[in-house]
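What follows is each chain in one-letter form.
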Amino acid sequence: MRFLFLGDMVGRAGRNAVFERLPGLISDFNLDFVVVNGENAAGGFGITEEIFNNTLNAGADVVTTGNHVWDQREALTFAPREERFLRPANFPKGTPGHGSGVFMAKNGARVLVANIMGRVFMHPELDDPFSSAEEILSACPLGDQVDAAIIDFHAEATSEKMCMGHFLDGRASVVVGTHTHQPTADHQILNNGTAYLTDAGMCGDYDSSLGMEKEEPLHRFLFKVPKGRFEAATGPATICGLAVEISDRTGLAEKVAPLRLGARLEETIPAFWR
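Residues numbered from 1 in each chain as written. Predicted model: local features only at pLDDT ≥ 70, side-chain atom pairs only at ≥ 80, totals over all residues. Heavy atoms only, no water.

Chemist: Outline the sheet that holds strand β9 (residues 188-189), supporting the account with residue identities and numerical values.
Modeler: Across the sheet, which stays open at both edges, the six strands sit in the order β5-β6-β7-β8-β10-β9 with mixed pairing between neighbours. Only two strands of the sheet have a single partner each, and these edge strands are β5 (100-104) and β9. Note: strand β7 (residues 148-154) against strand β8 (residues 174-178), five bridges, orientation parallel. Bridged to Ile 151 within β8 is Val 175. Lying over the sheet, helix α4 (residues 129-139) contacts β5, β6 (110-117) and β7, oriented at roughly 165° with respect to β6. (Pairing = 2+ DSSP bridges. Helix = DSSP H or I, 4+ residues; strand = E, 2+ residues; numbered from the N terminus. Contact = heavy atoms within 4.5 Å. Axes fitted to C-alpha atoms, helices over the stretch in contact; angles between N-to-C directions.)

Chemist: So what about helix α1 (residues 11-29)? Which residues, and what values?
Modeler: Over its 19 residues, α1 extends 26 Å from the first C-alpha to the last, a length consistent with the 27 Å expected when each residue adds 1.5 Å. The sharpest bend along α1 reaches about 35° and sits at Arg 21, with the proline Pro 23 one to four residues further on. Taken together, the buried positions of α1 are Gly 11, Ala 13, Gly 14, Arg 15, Ala 17, Val 18, Leu 22, Leu 25, Ile 26 and Phe 29. One or two residues past the end of α1 sits Asn 30, with phi positive at roughly 50°. (Expected span 1.5 Å × (residues − 1). Bend = angle between axes of the 7 residues up to and from the residue. Buried < 20%, exposed > 50% of the residue type's maximum accessible area, 1.4 Å probe, protein only.)

Chemist: Tell me what's going on with the nonpolar core, and back it up with residues and numbers.
Modeler: Counting residues in each nonpolar core, the largest one holds 41 residues, and the members touching the most others are Leu 4 and Leu 22. For this core, the leading source of residues is α1, giving seven residues. In this view, Leu 4 contacts Leu 22, Leu 25, Leu 31, Phe 33, Val 34, Val 35, Leu 242, Ala 243, Leu 259 and Trp 273; residues no more than four positions away in its chain are not counted. Ranked by size, the runner-up nonpolar core spans 24 residues in total, among them Phe 5, Val 62, Val 111 and Val 176. (Core = buried A, V, L, I, M, F, W, Y, C linked by side-chain atoms within 4.5 Å.)

Chemist: Hey, could you go over the pattern of salt bridges for me, with residue numbers and the actual values?
Modeler: Applying the stated rule across the entire model yields eight salt bridges. A salt bridge links Arg 81 to Glu 49; its shortest N-O distance comes to 2.6 Å. With Arg 81 in the loop between α3 (75-78) and β5 and Glu 49 in helix α2 (residues 49-57), this pair connects stretches of sequence that are 32 residues apart. The salt bridge involving Glu 134 is made with Arg 171; its shortest N-O contact spans 2.9 Å. Here Glu 134 is found in helix α4, whereas its partner Arg 171 is found in the loop between α5 (158-168) and β8, with 37 residues between them in sequence. Using a relative accessible area of 29% as the deciding quantity, one classes Glu 134 as partly exposed. A network of salt bridges, in which partner residues are shared, links Asp 207, Lys 214 and Arg 264. (Salt bridge = Lys/Arg side-chain N within 4 Å of Asp/Glu carboxyl O.)

Chemist: So what's going on with the sheet that holds strand β3 (residues 33-37)? Residues and values would help.
Modeler: Sheets are built from strands paired through backbone hydrogen bonds, the pairs being either parallel or antiparallel. Taken together, the five strands give an open sheet; going across it, the order is β4-β3-β1-β12-β13, and neighbouring strands pair in mixed fashion. Where the open sheet ends on each side, the last strands, each with one partner, are β4 (62-64) and β13 (253-262). Going from strand to strand, the sheet's axes swing by 20° on average, the running direction of each strand aside. Bridging between strand β1 (residues 2-6) and strand β12 (residues 238-246) involves five bridges; their strand directions are antiparallel. Bridge pairing in β12 links Leu 6 to Gly 241. Packed on one face of the sheet, α1 meets β1, β3, β12 and β13 and runs near 170° to β1.

Chemist: Just give me the short version of the packing of aromatic side chains, but keep the residues and values in it.
Modeler: Taken as a whole, this structure holds eight aromatic pairs when the rule is applied. Considering the side-chain rings of Phe 130 and Phe 167, the 5.5 Å spacing of their centres and the 80° angle between planes classify their relative orientation as edge-to-face. Here Phe 130, found in helix α4, pairs with Phe 167, found in helix α5; they are 37 residues apart in sequence, far enough to count as distant. Judged by its relative accessible area of 32%, Phe 167 falls in the partly exposed class. Aromatic side chains Phe 272 and Trp 273 sit 6.3 Å apart centroid to centroid with 90° between the ring planes, which places their arrangement in the edge-to-face category. For the pair formed by Phe 272 and Trp 273, the shared burial category is buried. What links up through ring pairs into an aromatic cluster is the set Phe 29, Phe 272 and Trp 273. The side chain of Arg 171 reaches across the aromatic face of Phe 167, ending 5.0 Å from its centre. One Lys or Arg, Arg 220, reaches over the ring of Phe 230 and ends 4.1 Å from the middle of that ring. (Phe/Tyr/Trp six-rings, centres within 6.5 Å; stacked < 30°, edge-to-face > 60°. Lys NZ or Arg CZ within 6 Å of the ring centre and 35° of its normal.)

Dropping the structure here:
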């Protein structure tokens, strides 16, 4: 199975880049399943139902989120009825929406996708992410009830992310980190077959501070007071993500590589897709 994960869409620049490039990637490389993190898609803070639907229309099979999931209040309304919209699974019981689900890939594979949020340096502090991951994967074990298992671990601390990768090694097809908006260079297949990346980076304008116009955050660092609001940067965007070839037999990773396309960073297309 050919799988693509795209990191946090940030603002109009990021989402438009995804909407423009994703359909061609799917058709050119015969992708079977795509997950996109959309939690910063609406001006950098949250996601609207219209943007969620447009992301699906561009070819995403599932949209994940993170700590900004409720920044657009309408998400509380559409999350419960949209199975392909995931908020972190370790929100307390009774929180609207879904934290995980099983979906059908184009090749007929049953794909478990879970969105889980870390606790180190994260707000709000949610339930234990490791217990949440254990509960989800125990209910839908890889190779039994599902053919692939994808975990979007939305977290700040690299140590927490790496430990989640090791904790799920051999039980998940992919553990990919989101949230920091900076693509890391540690894509790998762990000892027991799980594809891992500490952070997929963002889909947005990299001439910025984490996708935001750089003047305001720079002012706050220099003078310790706000001058205005954070605004999403509007320059040419780069899309960043992770490409994985998943075995149809075992559900574990066979190949893994970063994908980067756009104006700012060095472009990288997985060699095994060419």
